[in-house]
Amino acid sequence: MEERKDCGALLKKINDELEKNANNALRGQDLTIAQLGALLELNDAEDGQLTLKELERRLHVAQSTAAGIVSRLERKALAESFGDPSDRRIKIVKITSAGAERVKKTDLHRIQTEERLLSGLTETERSIFYSLLKKVCDTLR
C-alpha cells in the first residue's frame, strides 16, 4: 500500500515539536513564544521600535493581545512604550537593551534547534529544503 502524503500533517507535527521545544527553553528565561516574537520584531525594526499597531500586524494578533504582550514585556524591563510626540494617540513600543540581550540568548537555542532539525540533511538538501519552504510560504501570502 502506498504511503499517504499529507504535507499539512507533517508540517503540523514539526511545528508542534518545535513549539514544545521552544516553550521548554523559554520557560527558563521567563518568556513565552508570543513575547519572544514581539522582541524579535522589535529587535529587527529600525531603531528597535514599532508602533503598537504595526507590532499587532506583524504578530497577527488582536490589539488587546499585542497590548498584553507589551505590558508583560514592560514589567520584565524588556520593552518600553510611550506616546508618539507628534500624535499622542499612537503608542510606540521600543526594545530595551535587556530585551536585545535576551534576543541574543534565545538565538543560540534557535540555532541549536535548527541544527538538530536539519541534522539528517546534507548541505545541498538543506538548501533545497529551505528554498522549497520559502516558496510555499510565499505562495500563501
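Before going into details, it helps to say that this report is about the structure given with it. Fair warning: this is a prediction, and the values are worked out from it, not measured in the lab.

Helix and strand content of the protein chain: six helices and three strands. Across the protein chain, helices and strands are ordered from the amino to the carboxyl terminus as α-α-β-α-α-β-β-α-α. Viewed in the frame of its principal axes, the protein chain has a C-alpha envelope of about 65 × 30 × 25 Å. Counting only residues that meet the buried cut, the protein chain has 24% of its 141 residues in that class. Restricting the contact set of the protein chain to residue pairs at least 6 apart, pairs at least 24 apart contribute 48%. Surface summary for the protein chain: the accessible area is close to 10,200 Å², and the carbon and sulfur share equals 55%. Once the 25 positive and 24 negative side-chain charges of the protein chain are each reduced to a mean point, those two points are 4 Å apart.

Tallied over the entire structure, the rule returns 12 salt bridges. Residue Arg 110 pairs with Asp 107 through a salt bridge whose shortest N-O separation is 2.8 Å. Within this pair, Arg 110 and its partner Asp 107 are both found in helix 5 (residues 97–118), separated by three residues, close to a single helical turn. Classification of Arg 110 as partly exposed rests on a relative accessible area of 42%. Overall, Asp 107 belongs to the partly exposed group, its relative accessible area being 31%. One connected set of salt bridges, linked through shared partners, spans Glu 41, Glu 54, Arg 57 and Arg 58.

Time to look at the sheet that holds strand 3 (residues 87–95). Taken together, the three strands give an open sheet; going across it, the order is 1-3-2, and neighbouring strands pair in antiparallel fashion. The strands lining the two open edges of the sheet, one partner per strand, are strand 1 (49–51) and strand 2 (79–84). Put simply, the sheet's adjacent strands are angled 30° from each other on average, direction ignored. Examined bridge by bridge, strand 1 and strand 3 share three bridges and lie antiparallel to one another. Directly across from Leu 50, in strand 3, lies its bridge partner Val 93. Along the sheet, helix 4 (residues 63–75) makes contact with strand 2 and strand 3, crossing strand 2 at roughly 120°.

Before going further, it helps to spend a moment on the packing of helix 2 (residues 33–44) against helix 3 (residues 52–59). Running from N to C, helix 2 and helix 3 cross one another at 120°; their axes reach a closest spacing of 10 Å. One element, helix 2, and the other, helix 3, form an angle in the oblique class. Every pair of crossing elements has a handedness; the one defined by helix 2 and helix 3 is right-handed. Contact residues: Gly 37, Ala 38 and Glu 41 in helix 2; Leu 55, Arg 58 and Leu 59 in helix 3. Partitioning the contact of helix 2 with helix 3 into residue classes produces three nonpolar, one polar and two charged.

What counts and what doesn't
- Residues numbered from 1 in each chain as written.
- Predicted model: local features only at pLDDT ≥ 70, side-chain atom pairs only at ≥ 80, totals over all residues.
- Heavy atoms only, no water.
- Helix = DSSP H or I, 4+ residues; strand = E, 2+ residues; numbered from the N terminus.
- Buried < 20%, exposed > 50% of the residue type's maximum accessible area, 1.4 Å probe, protein only.
- Contact = heavy atoms within 4.5 Å.
- Areas by Shrake-Rupley, 256 points an atom, 1.4 Å probe, with all protein chains shown as cover.
- Lys, Arg positive; Asp, Glu negative; His and termini not counted.
- Charge placed at Lys NZ, Arg CZ, Asp CG, Glu CD.
- Salt bridge = Lys/Arg side-chain N within 4 Å of Asp/Glu carboxyl O.
- Pairing = 2+ DSSP bridges.
- Axes fitted to C-alpha atoms, helices over the stretch in contact; angles between N-to-C directions.
- Parallel < 35°, antiparallel > 145°, perpendicular 65-115°, else oblique.
- Left-handed = near helix turned anticlockwise from the far one by under 90°.
- Nonpolar A, V, L, I, M, F, W, Y, C, P; charged D, E, K, R; others polar.

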